[in-house]
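Understanding the architecture of this molecule
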There are 2 protein chains.
Amino acid sequence: MWPDRRLLDLFDIELPIVQAPMAGAVGLELIIAAADAGGLGSMPCAMLTPDKAREQIAIFKQRTSKPLNVNFFCHAPVAADAQAEARWRTRLATYYKEYGVDPNVPVPSANRSPFDEAMCGVIEEAKPKIVSFHFGLPEERLLKRVKTAGCIVLSSATTAKEARWLEAHGADVIIAQGNEAGGHRGMFLTDKVDQQPGTFALVPQVVDAVRVPVIAAGGISDGRGIAAAFALGASAAQVGSAYLKCPESLIGKPYRDGLANSDSDSTTVTNVLTGKPARGIVNRVMAEVGPLSSDAPAFPHAATALAPLRAAAEKKGSAEFTPMWSGQAAALAPELPAAELTKKLAADALKRLKQMTA
Amino acid sequence: MWPDRRLLDLFDIELPIVQAPMAGAVGLELIIAAADAGGLGSMPCAMLTPDKAREQIAIFKQRTSKPLNVNFFCHAPVAADAQAEARWRTRLATYYKEYGVDPNVPVPSANRSPFDEAMCGVIEEAKPKIVSFHFGLPEERLLKRVKTAGCIVLSSATTAKEARWLEAHGADVIIAQGNEAGGHRGMFLTDKVDQQPGTFALVPQVVDAVRVPVIAAGGISDGRGIAAAFALGASAAQVGSAYLKCPESLIGKPYRDGLANSDSDSTTVTNVLTGKPARGIVNRVMAEVGPLSSDAPAFPHAATALAPLRAAAEKKGSAEFTPMWSGQAAALAPELPAAELTKKLAADALKRLKQMTA
């Protein structure tokens, strides 16, 4: 049926579809539905405490026997810088004024934690079949423990060079993340956002660069895209934006409306929302302050001063300051429950693959 | 054999491969070889006089009975602006000094002419099977004459919206030009370079937006890419960078070396070389002055003041100021004569398509 079974066999899944781990946007209901439908369910832990991650993995295991991918960020954490923070608040002052938000309101700092000792303990205890990392790989000592626990290790490459690095440092599978992808670019050996190759160019160059299997990511929202990913040499496709449109996703109405109304050129890569470049639907703060601004504090601290503005705008039904992470092909995705979506993507891909040898 | 025959039948060609028209880089030998091998040969006329275009079309017709695609730019011409020119020369002054070039040396103005009355006369006389345009379509009066001459009209879309516009205004075929593509983006309804979708996301959205057949362009340099283009819904693939690597291409040694050594992230989109955004291998002037600079005069005038620097650098074997237009997948292309390349791309694509239903 499928032209390449490497990842189906390695992950022990039925359908070559990885539901992308999208922190804050996908929860247990969606992950379990994607997994039960035969895809690879992926649990984002970048915004969870170790206790919460432990609890969620336990619930997943209670409710399904399918394999699970547990996902972590592994950026080098940077402490908040008071000067950068002050400059950022000055840059945002007119918005604070417009929304009547007190600029001195205390704001909890943005919570994107990298994989650490405590999380590693959770993994050793829960032993999920798969652990994926974003922004490279964790320090060798921790990675070794993850591998000793028997987990298959995935990480994202945005260039052929990053793919080679990841393979050499122990990744068992590479996610080739093209420029079309929504959310944070996984880039870790480069910060040249403008030079990131698109999925079409990246996937075959990564396939040629490494021996491990490759997952294509970025701009894949329908069966045609999955078929094309196989044609380019990938062994599976990672799908993000399409799952955001599921009723089970945790996104709010303005974000959902943004996805429903998006077109081929509705997104861009911005650093103003978190401090690291990520693709999302263009909103007011991206258009007026960014999309790329040297005023934005380092990841994840840019989000801190935006939080009260975001809350105030969302109260009025506006996504002016809300990250609406999205890839470039969200418009192609149907709005379906996660199980149905997963099955439809696979059925459409198989149909498309059959048409390829008419 | 091929999953979609719409363009093979419309163009009366054997292989669904369009050799991209690359002004200044491909000449008759390459075009005839690509056409004779079964692809669609494309003759770039943006840098030719009407007499030269007439002569080249005549030679093509003498040497082969294959169909020909004659390509034109159709940008709205902007007169050179003395103030902008002076600002640009100031920006480049250190380079003039470094290379010992007299800043007052008279330089012929850059020669990218849009399709006009005279060129339209050439087309009416020569009646090539296909005429393609870049940057939209020419004015209605001229377009009507091209269509009355019996020519099939192609143009490039960089968004779904541009594709709909082109179909509504008379294009018979749409080239979906993804962000991966080398050279000038065909964008004409937008100038938001950062929002241009990649090939993987763009092609299916264009296919869904129009009824006419679609050619995929951008990042396609091998058989896998052609197979993937069909999977995404295209009826043919346009290939650029791979043809630049042919011995028949007209590019100089530094440019050829740049392509041979390129990696997945060697290119970016710049406006400093001509005034309009175009993708090329990063060189010194792109890195130091751009890649995008508001100092660059309007297209094509940015090229004027660079011309003497380019000549001086090339004399020393350097491409510091030379446009090295390239897509993001040049590294995938073999170095073969144009006929062999065309046949290999097709054979590899067919092989890949067969593997898709293993």
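Described in the following lines is the structure provided in the data block. Note that the structure is a prediction, hence the values are computed from the model and not measured.

1. Regarding the interface of chain B and chain A
- Counting residues at the interface gives 50 residues for chain B, matched by 50 residues for chain A.
- When its residues are assigned to classes, the side of chain B that touches chain A shows 20 nonpolar, 20 polar and ten charged.

2. Considerations on the nonpolar core
- Membership of the largest hydrophobic core comes to 252 residues, with the highest contact counts inside it found for Ala 176 of chain A together with Ala 176 of chain B.
- Filtering out sequence-adjacent residues up to four positions away, Ala 176 of chain B remains in contact with Ala 157, Ala 163, Leu 202, Val 203, Val 206, Val 214, Ile 215, Ala 216, Ala 217 and Ala 234 of chain B.

3. Considering helix α15 (residues 338-355) of chain B
Residues and elements named next belong to chain B.
- Relative to the 26 Å expected for 18 residues at 1.5 Å per residue, α15 spans 26 Å between its end C-alpha atoms, a close match to the ideal helical length.
- Listed as buried for α15 are Ala 338, Leu 341, Thr 342, Leu 345, Ala 346, Ala 349, Arg 352 and Leu 353. One side of α15 carries all its buried residues, which in axial view fall inside an arc of 130°. Facing away from the buried side of α15, by more than 90 degrees, are the exposed residues Ala 347 and Lys 351.

4. With respect to unusual backbone geometry
- Cis rather than trans, the peptide bond between Phe 299 of chain A and Pro 300 of chain A has omega equal to -5°.
- Within the fold, Pro 300 of chain A resides in the loop between α13 (284-289) and α14 (302-315).
- Gly 290 of chain B connects to Pro 291 of chain B through a cis peptide bond whose omega is 10°.
- Following the sequence through the fold, Pro 291 of chain B ends up in the loop between α13 (284-289) and α14 (302-315).
- Unlike most non-glycine residues, Phe 135 of chain A shows phi in positive territory, near 75°.
- Among the structural elements, Phe 135 of chain A can be located in the loop between β4 (130-134) and α7 (140-148).
- Phi angles above zero are rare outside glycine, and Asp 12 of chain B is one such case at about 60°.
- Judged by the 12 C-beta atoms lying within 10 Å of it, Asp 12 of chain B falls in the exposed class.

5. Some words on the environment of Ile 175 of chain B
All names here are of chain B.
- Here Ile 175 is to be found in strand β6 (residues 173-177).
- Separated by 45 residues in sequence, Ile 175 and Ile 130 place their C-alpha atoms 13 Å apart.
- Each residue touching Ile 175, except ones within four places of it in the same chain, is listed here: Leu 154, Ser 155, Ser 156, Ala 157, Ile 215, Ala 217 and Gln 238.

6. Structural notes on the relation of the copies chain B and chain A
- Overlaying chain B with chain A gives an RMSD of 0.0 Å, the required rotation being 180° about an axis along which the chain moves by 0.0 Å. Given the turn and translation reported, the copies of this chain are related as if by a two-fold rotation axis. Distance from the rotation axis, computed per C-alpha, reaches its smallest value in chain B at Ala 228 of chain B: 2.1 Å.

7. Remarks on the packing of helix α8 (residues 160-168) of chain A against helix α9 (residues 199-209) of chain A
Residues and elements named next belong to chain A.
- Orientation of α8 relative to α9, taken along the N-to-C sense of each, is 35°, at an axis distance of 9 Å. In terms of crossing hand, the pair formed by α8 and α9 is right-handed. Within the contact between the two elements, α8 uses Ala 160, Ala 163 and Arg 164 and α9 uses Gln 205, Val 206 and Ala 209.
- Within the contact of α8 with α9, the residues separate by chemical class into four nonpolar, one polar and one charged.

Definitions and limits used
- Residues numbered from 1 in each chain as written.
- Chains lettered and ligands numbered in written order.
- Predicted model: local features only at pLDDT ≥ 70, side-chain atom pairs only at ≥ 80, totals over all residues.
- Contact = placed C-beta atoms within 7 Å.
- Nonpolar A, V, L, I, M, F, W, Y, C, P; charged D, E, K, R; others polar.
- Core = buried A, V, L, I, M, F, W, Y, C linked by C-beta atoms within 7 Å.
- Buried ≥ 20, exposed ≤ 12 C-beta atoms within 10 Å, placed from the backbone.
- Helix = DSSP H or I, 4+ residues; strand = E, 2+ residues; numbered from the N terminus.
- Expected span 1.5 Å × (residues − 1).
- Arc of directions from axis to C-beta.
- Least-squares fit on C-alpha atoms with pLDDT ≥ 70 in both.
- Axes fitted to C-alpha atoms, helices over the stretch in contact; angles between N-to-C directions.
- Left-handed = near helix turned anticlockwise from the far one by under 90°.

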